[in-house]
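Now for the letters of each chain:
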Amino acid sequence: MDAARRTMGLNVDKVKAKLDICRESLKKGYGGVFDGGFLNLFCFDFFDFCRTLHKFLIRINEEEEALGDVYLCLTQIMVCIKYLEKTIQLEIKRVVSISAARQHFLDRLYCRLDHLWSCVTSLSKKDYEKVANITIEENSFVALMDFILEQIKPYTNYKDDDSKLSTSTEINVSASMEQAVLVSTQIRGRVNIVIGHTLAFANVALESDKKALSALSQTVLRECIAWQTECELGLKQPNHYNVSNCRVKASSLENALYKLEDFINEALLRLVYRCLLDFEKFSIEKLRILMNQCEPDDPTIDEIVADFDVNLDRTTQIGIFAVCFAPNKQNSCIIPSLYAKGSGQLYSQLLECHFKEEVNNFKTAILEIADSQEFTVCFYDLLNQYLKDNEKNYNSLSLQEITQMGEILKQHFLLPINQKVLLKSGNCFQLFKKFCFMLSECQAILQTSERVDTKRVMKRFKILRSKLHRLIKGLSDDDINDCSEMFVHSGRENELNSTGIKSSLSVLSKSYGFIPLNEGRKSLSPANQHAKERRRESLRTAMFRRQKSAKTEELFNSYKNFSESLQITEILEQLSFTSIVPV
């Protein structure tokens, strides 16, 4: 083990050395405006770094959280390289300086390299070293929740099936109250950070979710204080202390944490639909035209810009909670760039193209990692609520909105990585096709809704809900067959390909059997299950898959035989980074 750790340490040193070379070659880009030679140097230094990184990654456990961040950073670096090259090409072609764009992409590249450094460092740390730094605010909500629940486990009513762990648990529970006070104090500090993460999410969550998030946060804090107080009481009055009280209060805190995690993940899925829908509605070009037509202080512009800023904040929170990664919000400079004149308009156009590509990457990543069953159930709940609202007060615009959300769900299933979900039961794919057909029918009737009785419109949407319900039941079928066997014996691969959807053998995460809320859907973490289970699988793996690329050879093979005569764009076309998706 020590030898392996020393070898890994040596590999980390090599990776960091290569990364330092990349950072140094990048610094040269802050010089002459029309000098693009540094970019070629940086690219080949970067590819050399990737070869070294590959050798390091193949030794890493595929379950390491930081692996996802590594792949995301690599993807973002490639996008930045492409747009930095476009900037330089425009500067040369127009014989004009676009220094703001060059600075923007250079800074973003430098930021991604710094984050890549942090990821590699994290991968090389021992487990106890990671635990030692768990309290810093940069740690994700997921990591903190996992660590808190592991810490509190020995003080609850939980009994582990493993005899060794059971003995350890008994020893910990019967240990001195001084240790209990220390642990409860540590947990209190981490709970404070968790609540901070939750309130940051609540700030951008849907209005209907904010109150519940605030109430659940208060409950967690109250239960944490109650348990900490109980532990301190046991230390002060050991002769009159009842250990059962400590266990009950610890269990109450554990339940409160589970409820908070459950609700955040459900609220997060709802926010994904809203965020992606708002990105579809937002157009930078329309905003540019509006700015040219209106006065700078026009309230209409302020309203659109405010909505755009909110959506960027939502993107950040989705990244933090779903991907355990906060994207760098450098796109916030896109609005000020719209006011620019002269060469500043070129800067604005470059940012616009970059923004669209980043949004598309974000959308693809989120749709790939969202668990198909959970994502479908979430849309069912949203559809159900929209139908209830329209039965009271009919509004065709709101129905158009829910059909657009339905398109988002459709796009989710059309991604190759999610198609195995449709193949896990014999009729799931057919149910999906019926849902898509009915979705198009709803879209069609809305085009003529002014000439159609609203009851007919609502009836069509109710049929859509029925089709969706059947799809959910198909997705929750427990009989999951091996996908490759299904291809061989049922010929479903040909059926999928004939419809224009590629087959995929990607690994599907374990998911729960959900039914819609109005049909008695149960919580994932009822209190009576906690006593039987160890730490249940975190909802991030139920609602958001965190894929780790096991095929690092495939990921880096495209780097091995580059010719110096290749243009950067040609190189980029040959590179195919797997998206973080997961992460």
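Residues numbered from 1 in each chain as written. Predicted model: local features only at pLDDT ≥ 70, side-chain atom pairs only at ≥ 80, totals over all residues. Heavy atoms only, no water.

### Focus: the overall build of the protein chain
At step 1: Each helix and strand in the protein chain was counted, giving 25 helices and zero strands.
At step 2: Across the 583 residues in the protein chain, those meeting the buried criterion constitute 51%.
At step 3: As displayed, the protein chain offers around 27,300 Å² of accessible surface, 51% of which is attributable to carbon and sulfur atoms. (Helix = DSSP H or I, 4+ residues; strand = E, 2+ residues; numbered from the N terminus. Buried < 20%, exposed > 50% of the residue type's maximum accessible area, 1.4 Å probe, protein only. Areas by Shrake-Rupley, 256 points an atom, 1.4 Å probe, with all protein chains shown as cover.)

### Digging into the packing of aromatic side chains
At step 1: Going through the model one piece at a time under the given rule, you end up with 17 aromatic pairs.
At step 2: Here the aromatic residues Phe42, Phe44, Phe46, Phe47 and Phe49 are joined through ring pairs into a cluster of three or more.
At step 3: It is arginine 23 that lies over the ring of tryptophan 117; its NZ or CZ is 5.4 Å from the centre.
At step 4: Lying over the aromatic face of phenylalanine 263, arginine 270 brings its terminal NZ or CZ to 5.6 Å of the ring centre. (Phe/Tyr/Trp six-rings, centres within 6.5 Å; stacked < 30°, edge-to-face > 60°. Lys NZ or Arg CZ within 6 Å of the ring centre and 35° of its normal.)

### So, the pattern of salt bridges
At step 1: If you walk through the whole model with that rule in mind, you get 20 salt bridges.
At step 2: Between lysine 18 and aspartate 48 there is a salt bridge, with the nearest N and O atoms lying 2.8 Å from each other. Note that lysine 18 is positioned in helix α1 (residues 2–27) and aspartate 48 in helix α2 (residues 37–57), a separation of 30 residues in sequence.
At step 3: We classify lysine 18 as partly exposed; its relative accessible area is 26%.
At step 4: By sharing partners, the salt bridges in this structure join Arg274, Asp278, Lys281, Arg314 and Glu401 into a single network. (Salt bridge = Lys/Arg side-chain N within 4 Å of Asp/Glu carboxyl O.)

### With respect to the confidence of the model for the protein chain
At step 1: Averaged over all residues, the pLDDT of the protein chain is 74; the fraction at 70 or higher stands at 69%.
At step 2: Confidence drops under pLDDT 50 across residues 478–541; counting only partners more than four residues distant or on other chains, this segment forms 136 contacts.
At step 3: Across residues 546–566 the pLDDT falls below 50, and counting only partners more than four positions away or on other chains, this stretch makes 57 contacts in the model. (pLDDT = per-residue confidence, 0-100. Contact = heavy atoms within 4.5 Å.)

### Some points on the nonpolar core
At step 1: Ranked by internal contacts, the top residues of the largest apolar core, which has 155 residues, are Phe46, Trp227 and Phe461.
At step 2: Per-element accounting of this core gives the leading share, 19 residues, to helix α10 (residues 243–281).
At step 3: Setting aside anything within four residues of it in sequence, one finds tryptophan 227 in contact with Ile152, Tyr155, Val183, Ser184, Ile187, Cys246, Lys249, Ala250 and Leu253. (Core = buried A, V, L, I, M, F, W, Y, C linked by side-chain atoms within 4.5 Å.)

### Points about the side chain of threonine 52
At step 1: One can find threonine 52 in helix α2.
At step 2: With near-sequence residues (within four places) excluded, threonine 52 lies in contact with Lys14, Val15 and Lys18.

### Digging into the environment of serine 396
At step 1: If you trace the backbone, serine 396 turns up in helix α16 (residues 396–414).
At step 2: Expressed as a C-alpha distance, the spacing of serine 396 and valine 457, which sit 61 residues apart in the sequence, is 9.1 Å.
At step 3: If we ignore the near neighbours within four places in the chain, the residues touching serine 396 are Leu446 and Ser449.

### What to know about the packing of helix α11 (residues 284–293) against helix α12 (residues 299–322)
At step 1: Taken N-terminus to C-terminus, the directions of α11 and α12 make an angle of 155 degrees; their axes are 10 Å apart at the nearest point. By the angle class used here, α11 and α12 are roughly antiparallel. Handedness of the α11/α12 crossing: left-handed. Contacts from Leu287, Leu290 and Met291 of α11 reach α12 at Thr300, Ile301, Ile304 and Val305.
At step 2: By residue class, the composition of the contact of α11 with α12 is six nonpolar, one polar and no charged. (Axes fitted to C-alpha atoms, helices over the stretch in contact; angles between N-to-C directions. Parallel < 35°, antiparallel > 145°, perpendicular 65-115°, else oblique. Left-handed = near helix turned anticlockwise from the far one by under 90°. Nonpolar A, V, L, I, M, F, W, Y, C, P; charged D, E, K, R; others polar.)

### Let's talk about the environment of asparagine 361
At step 1: By secondary structure assignment, the location of asparagine 361 is in helix α14 (residues 344–369).
At step 2: Relative accessible area serves as the criterion here: at 29%, asparagine 361 is assigned to the partly exposed category.
At step 3: Once the C-alpha coordinates of asparagine 361 and threonine 75 are considered, the two residues, 286 residues apart in sequence, prove to be 9.2 Å apart.

### A few points about the side chain of threonine 376
At step 1: Counting through the fold element by element, threonine 376 comes out in helix α15 (residues 372–392).
At step 2: Judged by its relative accessible area of 0%, threonine 376 falls in the buried class.
At step 3: Those residues in contact with threonine 376 that lie beyond four places of it in its chain are Leu409, Phe413, Leu468, Leu471, Ile472 and Leu475.

### Details of the environment of aspartate 209
At step 1: As for its position among the elements, aspartate 209 is in helix α9 (residues 207–236).
At step 2: Each C-alpha atom of the pair aspartate 209 and isoleucine 264 lies 8.9 Å from the other, and the pair is 55 residues apart in sequence.

### Brief notes about unusual backbone geometry
At step 1: Residues other than glycine seldom take positive phi values, yet valine 95 does so here, at roughly 50 degrees.
At step 2: Along the chain, the position of valine 95 falls in the loop between α3 (66–94) and α4 (99–124).

### A short note on the packing of α16 against helix α19 (residues 454–475)
At step 1: Interhelical geometry of α16 versus α19 gives an angle of 25 degrees and a closest axis separation of 13 Å. Of the possible angle classes, the one that applies to α16 and α19 is roughly parallel. Handedness of the crossing formed by α16 with α19: left-handed. On α19, the residues touching Leu399, Ile402, Thr403, Leu409 and Phe413 of α16 are Val457, Met458, Phe461, Leu468, Leu471 and Leu475.

### Brief notes about helix α6 (residues 141–152)
Owing to its 3.6 residues per turn, the α-helix aligns residues three or four sequence positions apart on the same side.
At step 1: With twelve residues, α6 extends 16 Å between its outermost C-alpha atoms, agreeing within 8% with the 16 Å of an ideal straight helix rising 1.5 Å per residue.
At step 2: Of all the twelve residues making up α6, nine are buried; the element is thus mostly covered by neighbouring parts of the structure.
At step 3: Three or more residues of α6 are buried, namely Phe141, Val142, Leu144, Met145, Phe147, Ile148, Leu149, Gln151 and Ile152. (Expected span 1.5 Å × (residues − 1).)

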